[in-house]
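The residues making up each chain are set out below.
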Amino acid sequence: QENGAARDIHLLMGTGGSFGSSSLQQEVGLGRAGRILGVEIRWPGASGVQTVSGLERNRAYRIRQDRAEAEPLPRPAFSLPDPGGAGGHEHHQAALPAAGRAASGGS
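Residues numbered from 1 in each chain as written. Predicted model: local features only at pLDDT ≥ 70, side-chain atom pairs only at ≥ 80, totals over all residues. Heavy atoms only, no water.

Student: Sorry if this is basic, but what is going on with the overall build of the protein chain here?
Tutor: Across its full length, the protein chain holds zero helices and four strands. In the protein chain, the order of α-helices and β-strands from amino to carboxyl end is β-β-β-β. Here the protein chain displays about 9,600 Å² of accessible surface, and carbon together with sulfur accounts for 51% of that area. (Helix = DSSP H or I, 4+ residues; strand = E, 2+ residues; numbered from the N terminus. Areas by Shrake-Rupley, 256 points an atom, 1.4 Å probe, with all protein chains shown as cover.)

Student: What exactly am I supposed to notice about a nonpolar patch on the surface here?
Tutor: A contiguous nonpolar patch, built from Ile9, Leu11 and Val28 and spanning about 260 Å² of accessible area, is present on the exposed surface. Note on placement: valine 28 falls in the segment before strand 1 (39–41). Assessed through its relative accessible area of 43%, valine 28 is described here as partly exposed. (Patch = residues over 30% accessible without salt bridge, like charges linked within 9 Å, V, L, I, M, F, W, Y side chains within 5 Å. Salt bridge = Lys/Arg side-chain N within 4 Å of Asp/Glu carboxyl O. Buried < 20%, exposed > 50% of the residue type's maximum accessible area, 1.4 Å probe, protein only.)

Student: I'm lost on the side chain of glutamine 50 in this one. Help?
Tutor: Within the fold, glutamine 50 resides in strand 2 (residues 50–52). Those residues within four positions of glutamine 50 in sequence are excluded, and the remaining contacts are Val39, Glu40, Ile41, Trp43, Ile63, Arg64, Gln65, Arg67 and Ala68. (Contact = heavy atoms within 4.5 Å.)

Function cannot be inferred from these measures alone, as they are strictly geometric.
Okay, structure coming up:
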């Protein structure tokens, strides 16, 4: 729900893959939505719709076809170093050979 109005988000999911390709995990961006009214799931080969409610923003859940409730998943918080401070990550540009000089250093 965003600014008092309900908004629908539609996602289509595949069957998954190997080595992390086409993961069955979904991350849904909610934009400025203040809350989640519910999630409706249409499982392959099943009739009807599974509705899950009571979900909170900025949380991870496991939703299974054989369970009525979503299972909250622990996601530990972590901090990234300040890129402008000590310990930050920096990018360096490699020096290129001078124009007209062979890359091997010979003349």
